[in-house]
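# Chains, contacts and geometry: an overview
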Amino acid sequence: MEHIRIIAPGDPGFDWLYDLYMQSFPVHEQRLRERQEGVLGHPEYHCDLLCQGETRVGLLMWWAGPGFRYVEHFAIAPQLRGQSWGSRALREFLAEGDPVVLEIDPQGALSVMENASDYVSVFILPPSFEDLRVRLHTRNTDDPVEIERRLNNARGEVRKVDHYQYAIINDNLELAYTQLQSIVRAEKQRTSRFHPHILDD
């Protein structure tokens with residue numbers, strides 16, 4: 001599958017990609033078009049149009065970090081969903097090198113866990129549902145009905161925490177970040193990934 005990197009709003013395919021982006025993600029996860037256009041030229045940002053021949057398959061938006069890749073948005077065209085295009089695109093991307101960080105909802109995470117052979121799953125939870133309610137109100141991007149819907153969804157998602165390998169409660173950002181770093185460091189030392197070579201005398 002071909003990745004066509006878009007670096008300017010005038011590049012072919014950007015309008016199609018942005019329309020898919022708007023269709024595929026809730027408003028609070030989207031950038032306004034002018035902000036999305038502004039980030040396209042960032043050297044560490046990749047806004048990739050996924051293509052198979054002449055077919056536009058989807059989008060993959062990610063950041064290149066120091067020794068890892070952070071996937072910000074990933075979506076397959078609606079008419080191609082349910083046909084394994086997503087798992088194929090993700091499998092190919094995972095095989096390319098540096099570890100990949102995915103920030104995805106539990107439904108997508110469970111799908112990744114079913115299809116990926118090597119992964120680390122971390123569920124990041126709010127300290128309480130009331131705290132989550134306050135955070136959603138503070139964003140000021142959703143009306144009260146949408147906030148209640150999202151809170152109800154969150155209650156169902158939290159019940160899936162046992163499917164994950166690790167859990168972090170995000171009541172202190174610095175502590176949560178330290179805990180996440182500790183998980184990454186420990187997982188790098190697993191013998192399934194780390195193969196030390198000891199020199200002979």
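Preceding this section is the structure that the text describes.
Residues numbered from 1 in each chain as written. Predicted model: local features only at pLDDT ≥ 70, side-chain atom pairs only at ≥ 80, totals over all residues. Heavy atoms only, no water.

## Some points on the overall build of the protein
Heads up, the condition is: In this text, helices come from DSSP runs of H or I with a minimum length of four residues, and strands from runs of E with a minimum of two, each type numbered from the N-terminal end. Three labels apply to residues, based on accessible area from a 1.4 Å probe with only protein chains included: buried if under 20% of the type maximum, exposed if over 50%, partly exposed otherwise in between. Here, residues are in contact when the closest pair of their heavy atoms is within 4.5 Å. We score Asp and Glu as negative and Lys and Arg as positive, and we do not count His or the chain ends. Charged groups are reduced to one reference atom each: NZ for lysine, CZ for arginine, CG for aspartic acid, CD for glutamic acid.
Within the protein one finds 7 helices and 7 strands. Listing each helix as α and each strand as β along the protein from the N terminus yields β-α-α-β-β-β-α-β-α-β-α-α-β-α. With the C-alpha coordinates aligned to their principal axes, the bounding extent of the protein is approximately 60 × 45 × 35 Å. Within the span of the protein, comprising 201 residues, buried residues form 30% of the whole. Look at the contacts in the protein between residues 6 or more apart in sequence, and 58% of them connect residues 24 or more apart. One finds the centroid of the 21 positive side-chain charges in the protein at a distance of 3 Å from the centroid of its 31 negative side-chain charges.

## Quick notes on the packing of aromatic side chains
Where we set the bar: Paired rings are identified among Phe, Tyr and Trp, the last through its six-membered ring, by centres lying within 6.5 Å, and are further divided according to the angle between planes into stacked (under 30 degrees), edge-to-face (over 60) and tilted (the rest).
What the rule picks out here adds up to 6 aromatic pairs. Judged by centre distance (5.2 Å) and plane angle (65°), the rings of Trp 62 and Phe 93 are edge-to-face. Of the two residues, Trp 62 is situated in strand β3 (residues 55-65) and Phe 93 in helix α3 (residues 85-94); the sequence distance between them amounts to 31 residues. As far as the burial class goes, Trp 62 and Phe 93 line up, both buried. Among the aromatic residues, those joined into a ring-pair cluster are Phe 14, Tyr 18, Tyr 21 and Phe 25.

## Examining the environment of Ala 64
Topologically, Ala 64 is positioned in strand β3. The class for Ala 64 is partly exposed, based on a relative accessible area of 27%. Put simply, Ala 64 and Glu 44 are 20 residues apart on the chain and 5.1 Å apart in space, counted from C-alpha to C-alpha. Sequence-distant contacts of Ala 64, defined by excluding residues within four places in its chain, comprise Glu 44 and His 46.

## Quick notes on the nonpolar core
To keep it simple, the criterion reads: We call a set of buried Ala, Val, Leu, Ile, Met, Phe, Trp, Tyr and Cys residues a nonpolar core when their side-chain atoms join them within 4.5 Å.
Core analysis: the largest hydrophobic core is formed by 17 residues, its most contacted members being Leu 17, Tyr 45, Leu 59 and Met 61. Secondary-structure elements contributing two or more residues to this core are α1 (14-24), β2 (45-52) and β3. Of all the elements, α1 adds the most residues to this core, at 5 residues. Those residues in contact with Leu 17, other than ones at most four positions away along the chain, are Ile 6, Cys 47, Asp 48, Leu 49, Leu 59 and Met 61. By size, the runner-up hydrophobic cluster in this structure holds 11 residues, among which are Val 71, Ile 76, Ala 77 and Phe 93.

## Quick word on the pairing of strand β4 (residues 68-76)
Rule in force here: Whether two strands pair comes down to DSSP finding at least two bridges between them.
In this structure, β3 lies alongside β4, joined through 8 bridges in antiparallel fashion. When the bridges of β4 are listed, Leu 59 appears paired with Ala 75. One ladder, built from 3 bridges, connects β4 with strand β5 (residues 100-102); its direction is parallel. Paired with Tyr 70 across the two strands is Val 101, which belongs to β5.

## Looking at the side chain of Gln 36
Turning to its location among the elements, Gln 36 is positioned in helix α2 (residues 33-39). Taking relative accessible area as the criterion, Gln 36 reaches 0% and is therefore assigned buried. Apart from the residues within four sequence positions on either side, Gln 36 is in contact with Phe 14, Tyr 18, Tyr 21, Arg 31, Tyr 45, Cys 47 and Met 61.

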